[in-house]
Amino acid sequence: MGAVSESRTVVAGAVIVNARLLLAQRAHPAELAGRWELPGGKVEPGEQDTTALVRELREELAIDVVVGDPVGADVDLGGGLVLRAYRVNVVSGTPAPLEHSALRWVDAAELHTIDLVAADRQWIPDLVALL
Ligand code: 523
């Protein structure tokens, strides 16, 4: 066992095209399945946030992105995980749900009504400001 470890970052991407935000429906674990999120995943030890987000969105959505500015504030997920969102621009590919149940593009009104995972709800005002 190691000694005290730093918290691990989970990065998530806000893809916005034509005033719509891309959301992905989680397939697992059971307690999050069916809820919608900004797609992303855990940063590997020694990896930069931007590198991790490019990797995750390639793996999950089959798109290549350039990572832009952070969106909103970091969210403490508990269990040593901190969730952080970034604006991303798609440079190639069309998003496909390779690891999610479905994908959906939402406008600001729909963002208020869709069943987002709890952590991502904290970014709603920041995301609405971008839409
Ligand atoms: N979240 C979350 N919102 C959000 C993401 C991308 C992740 O609340 N937009 C949470 C869900 C999990 C944790 O962050 O509790 C890790 O996300 P996950 O499972 O998408 O990351 P992976 O795929 O890198 O994780 P493992 O496959 O388990 O290593």
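Residues numbered from 1 in each chain as written. Predicted model: local features only at pLDDT ≥ 70, side-chain atom pairs only at ≥ 80, totals over all residues. Heavy atoms only, no water.

K.L.:
I tried to follow the overall build of the protein chain on my own but got confused; where do I start?
P.N.:
Summing up its helical and strand segments, the protein chain has four helices and seven strands in all. Its C-alpha atoms give the protein chain a radius of gyration of 14 Å, within 12% of the compact-globule value 14 Å for 131 residues. Along the first, second and third principal axes, the C-alpha atoms of the protein chain reach 45 × 30 × 25 Å. A buried classification covers 39% of the 131 residues belonging to the protein chain. When the accessible surface of the protein chain is split by element, carbon and sulfur atoms take 51% of a total near 7000 Å². Counting 11 positive and 19 negative side-chain charges, the protein chain places the averaged centre of each group 3 Å from the other. (Helix = DSSP H or I, 4+ residues; strand = E, 2+ residues; numbered from the N terminus. Rg over C-alpha atoms; globule rule 2.2 N^0.38 Å. Buried < 20%, exposed > 50% of the residue type's maximum accessible area, 1.4 Å probe, protein only. Areas by Shrake-Rupley, 256 points an atom, 1.4 Å probe, with all protein chains shown as cover. Lys, Arg positive; Asp, Glu negative; His and termini not counted. Charge placed at Lys NZ, Arg CZ, Asp CG, Glu CD.)

K.L.:
I keep staring at the site of the ligand and nothing clicks. Help me out?
P.N.:
As a matter of local geometry, the ligand sits amid 15 residues, with R26, E37, L38, K42 and D120 nearest to it. Here K42 contributes a backbone N or O atom positioned 2.8 Å from an oxygen atom of the ligand. Look at the ligand: alone it shows 600 Å² of surface, and the protein chains cover 71% of it. Elements supplying a minimum of two residues to the shell around the ligand: β1 (8-17), β4 (40-42) and α3 (118-121). With three residues, β4 is the largest single contributor of residues to the shell around the ligand. In terms of residue class, the shell around the ligand is built from eight nonpolar, two polar and five charged. (Near = heavy atom within 4 Å. Polar contact = N/O pair within 3.5 Å; in protein donor to acceptor, adjacent residues only side chain to side chain. Nonpolar A, V, L, I, M, F, W, Y, C, P; charged D, E, K, R; others polar.)

K.L.:
Mind showing me how you'd approach the nonpolar core here?
P.N.:
Soluble globular proteins tend to bury their nonpolar side chains together. Within the largest apolar cluster, 20 residues are counted, with the highest numbers of intra-cluster contacts made by L21, L23, L38, L111, W123 and L127. For this core, the elements supplying multiple residues, two or more each, are β1, β2 (20-25), β5 (64-78), β6 (81-92) and α4 (124-130). By residue number, the principal contributor to this core is β1, which donates four residues. Each residue touching L38, except ones within four places of it in the same chain, is listed here: A12, G13, A14, L21, L22, L23, A85, D120, W123 and L127. Core analysis: the second largest hydrophobic core is formed by 14 residues, V15, V43, L61 and I63 among them. (Core = buried A, V, L, I, M, F, W, Y, C linked by side-chain atoms within 4.5 Å. Contact = heavy atoms within 4.5 Å.)

K.L.:
Hey, could you run me through the side chain of D120 in this one?
P.N.:
Considering the arrangement of structural elements, one finds D120 in helix α3. Salt bridges are absent for the buried D120, whose nearest opposite-charge side chain, R26, sits at 7.6 Å. Of note is the side chain of D120, whose polar atom sits 2.9 Å from the backbone nitrogen of L38. Residues in contact with D120, not counting those within four places in the same chain, are E37, L38 and L83. (Salt bridge = Lys/Arg side-chain N within 4 Å of Asp/Glu carboxyl O.)

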